[in-house]
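Working through the structure, step by step
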Amino acid sequence: MKKICLIARQNIINANGGGYHNDEGRRALDGIRYGAVKDIEDDVNPLSIWHQLRQEFEVDNPGWRVDSYSIRLEDGSEIECSDKLKMQTANKADENFRKLAAMFPDAVTETINENGEVVRAIDKDVLMQEIACTVVDGNEERYQFTWPDKKKSVLLANAPINKTLRPCREESVDFDTTENLYIEGDNLEVLKLLQETYLGKIKMIYIDPPYNTGNDFVYEDDFAQSTDEYLANSGQFDDDGNRMVQNTESNGRFHTDWLNMIYPRLKLAKDLLTYNGVIFISIDDNEQENLKKCCDEVFGGHNFVAQLIWERAFSPKNDARFISNSHDYVLMYAKDITQFVIGRLPRTEEANARYSNPDNDPRGVWMSSDISVKTYNAECDYPITAPSGRVIEPPAGRCWRLSKKAFLERLQDNRIWFGPDGNGVPRIKRFLTDLKHSGMAPTSIMSFKDVGHSQEGAQEVSKLLDGGFFSGPKPQRLMQRLLTLANLELDSIVLDFFSGSASTAHAVMSKNSEDGGHRKFIMVQLPEKTDEKSEAYKAGYTNICEIGKERIRRAGKKIKGDSPLTTQGLDTGFRVLKYDTSNMKEVYY
């Protein structure tokens, strides 16, 4: 929790009677008043509640003229409040400055910029003293992950935009009641727009970005291009003019273009996650190494959870030149590894079959495990006499994991097993009822037998849409596994900003139908044109968004049709919003 306080100020009257002037120094005695001190959560933006604070102040101070408001934080810094409606998204660089200033206020200073204006700044020398560690500067050698235009991609993530999302009721389902969103537009800009409403509120993000195989299209965003490059491009654009180009291996910027695409989007995505949120990213060998380095930098290497291996192919390709590649990866990072709790898998019959009760122990079924260890400890090196009279020593170079006293206690408690004839090497009994968790720990390898394969995903979409209109959709069993690992609450929000055929939305609705949850989804997809020669185009799907929206419509109807009695209140609708330029002029509340 943190404390904030609203401050109301009156401009001081000019001594010459020439109206008011804004004096940042001495104030008139009654020229400043304070609102009540409020406690808010650490992840709450104070500006999100300032109108509530103003209304409370006006009730407590009726008729008192106010010229300006600000919110004072515990460290003494202030955030200016304004009745003017913001016409652009937040500047992330400004937010980062405020965070740094709050942590190290003595490092905040002023300087003159290239235009001769006084601007705020951070004193690097003071900051170095505060953090009291070695600072790498200039051309000193250091471990780092970089690529051409990386600085531009950072600036791109931080830069504000003045765009908006326009509702499209005619393409929506249950527009007035649904809490799900389907957003059409460039996901970089949409992620910026989502910061205002969904900052710190997304429990799970799943994305399946372009794999950079040489045939994928990647965004080029704001990076400069020459006329020759323009003519060489594929001619595909999004609605805002951002180019979509085929990133072939002959391109000298093959990895650079892909990194410039993914990096700013990951930076924005991180801020949307809840404190215990998690992100999953599907990828293959082409960019797996670079993606992991990106995620280590954006989310922090210490927040790495796992690199899951999905067995996407159920049969080898005999025409493979070297190795038949049968897997893809799913990288998994937590927002804060200390707060994230993994969702465990239901116990299987196969797992439970490992437990039995050959000695009819009243505590139930159990399985036994070795009680010897490699790490030698003289106190744990002692002979054990079996019920048959056989004397058993620890294996060579090993000792027992239990001290003699601990062993005798477990022997007395009937937790040591010498085999059915009482002549075996001692083992410790572990009861099913003693397990700390009710579920099973997930493994890093996801077999197609458990989570489906790529053909299964294609068949699901083909059956639902009466045609194979989308390449490479993820199977629902895989998506359900990821939803389980994310450990969602019943009302969690799930985001997919490379939504494609909307497999994630389908999975969220199915999950809700199973357990009565009311989780919400947000799908974001660029309306990429479908090839005029493709079956999708011939079927009337002119862009990928049309495929995704129709899948959600049909999946929702099918889920409700399969279980009509238990899905009456299930939200299978979605509001369609389209990224667009804003035509708003300066507006005041």
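The structure this text deals with has already been given above.
Since the model is a prediction, treat every value here as computed from it, not as a measurement. (Residues numbered from 1 in each chain as written. Predicted model: local features only at pLDDT ≥ 70, side-chain atom pairs only at ≥ 80, totals over all residues. Heavy atoms only, no water.)

1. Here we look at the packing of aromatic side chains
Applying the stated criterion to the full structure yields 11 aromatic pairs. With a centroid separation of 5.5 Å and an interplanar angle of 40 degrees, the aromatic rings of Phe 497 and Phe 498 are classed as tilted. Given a relative accessible area of 1%, Phe 497 falls into the buried group. Phe 498 gets classed as buried once you look at its relative accessible area, which sits at 10%. Among the aromatic residues, ring-to-ring pairing joins Phe 145, Trp 147 and Tyr 263 into one connected group. The positively charged end of Lys 292 is found above the aromatic ring belonging to Phe 304, 4.3 Å away from the centroid. One Lys or Arg, Arg 575, reaches over the ring of Phe 175 and ends 5.1 Å from the middle of that ring. (Phe/Tyr/Trp six-rings, centres within 6.5 Å; stacked < 30°, edge-to-face > 60°. Buried < 20%, exposed > 50% of the residue type's maximum accessible area, 1.4 Å probe, protein only. Lys NZ or Arg CZ within 6 Å of the ring centre and 35° of its normal.)

2. Notes on the environment of Lys 558
Positionally, Lys 558 belongs in helix H16 (residues 544-562). Relative accessible area serves as the criterion here: at 44%, Lys 558 is assigned to the partly exposed category. (Helix = DSSP H or I, 4+ residues; strand = E, 2+ residues; numbered from the N terminus.)

3. Description of the packing of helix H12 (residues 454-465) against H16
Between two packed helices, the angle of one axis relative to the other and the distance separating the axes together describe the packing. Relative to each other, H12 and H16 sit at 80 degrees, their axes nearing to 10 Å. With respect to H16, the element H12 is oriented roughly perpendicular. Of H16, the residues touching H12 (which contributes Glu 460, Val 461, Leu 464 and Leu 465) are Ile 547, Glu 550, Arg 551, Arg 554, Ala 555 and Lys 558. Broken down by class, the residue content of the contact of H12 with H16 amounts to five nonpolar, no polar and five charged. (Axes fitted to C-alpha atoms, helices over the stretch in contact; angles between N-to-C directions. Parallel < 35°, antiparallel > 145°, perpendicular 65-115°, else oblique. Contact = heavy atoms within 4.5 Å. Nonpolar A, V, L, I, M, F, W, Y, C, P; charged D, E, K, R; others polar.)

4. Concerning the packing of helix H13 (residues 476-485) against helix H14 (residues 503-515)
It is the contact of H13 with H14, at a shortest axis distance of 9 Å, that shows an interaxial angle of 65 degrees. Our classification of the angle between H13 and H14 gives roughly perpendicular. The element H13 and its partner H14 pack so that their crossing is right-handed. Contacts between H13 and H14 involve Gln 476, Met 479, Gln 480, Leu 483 and Thr 484 on the former and, on the latter, Ser 503, Thr 504, His 506, Ala 507, Val 508, Ser 510 and Lys 511. (Left-handed = near helix turned anticlockwise from the far one by under 90°.)

5. Things to note about the side chain of Thr 256
Looking at where Thr 256 falls in the secondary structure, it is placed in helix H7 (residues 254-272). Judged by relative accessible area, Thr 256 falls into the buried class, the value being 10%. When neighbours within four sequence positions are excluded, Thr 256 is seen to be in contact with Trp 147 and Pro 148.

6. What about the pattern of salt bridges?
As enumerated under the stated definition, the model contains 32 salt bridges in all. A salt bridge links Arg 265 to Asp 186; its shortest N-O distance comes to 3.1 Å. Remark: Asp 186 occurs in the loop between strand S10 (181-184) and helix H5 (187-198) and Arg 265 occurs in helix H7; sequence separation between them is 79 residues. Of the two residues, Arg 265 and Asp 186, neither departs from the other in class, the shared state being buried. Where salt bridges share partners, they join Asp 359, Asp 361, Arg 363, Asp 413, Arg 415, Lys 429 and Asp 434 into one cluster. (Salt bridge = Lys/Arg side-chain N within 4 Å of Asp/Glu carboxyl O.)

7. So, the nonpolar core
Judged by nonpolar contacts, the single largest core of 45 residues is most densely connected at Ile 205, Ile 262, Leu 266, Leu 291, Leu 495, Phe 497 and Ile 522. Here the element with the most residues in this core is H7; it accounts for nine residues. Discounting residues that sit within four places of it in the chain, Leu 266 has contacts with Ile 207, Ile 279, Ile 281, Leu 291, Cys 294, Cys 295, Val 298 and Phe 299. Counting 39 residues, the second largest nonpolar core, distinct from the first, contains Phe 280, Val 451, Leu 478 and Ala 507. (Core = buried A, V, L, I, M, F, W, Y, C linked by side-chain atoms within 4.5 Å.)

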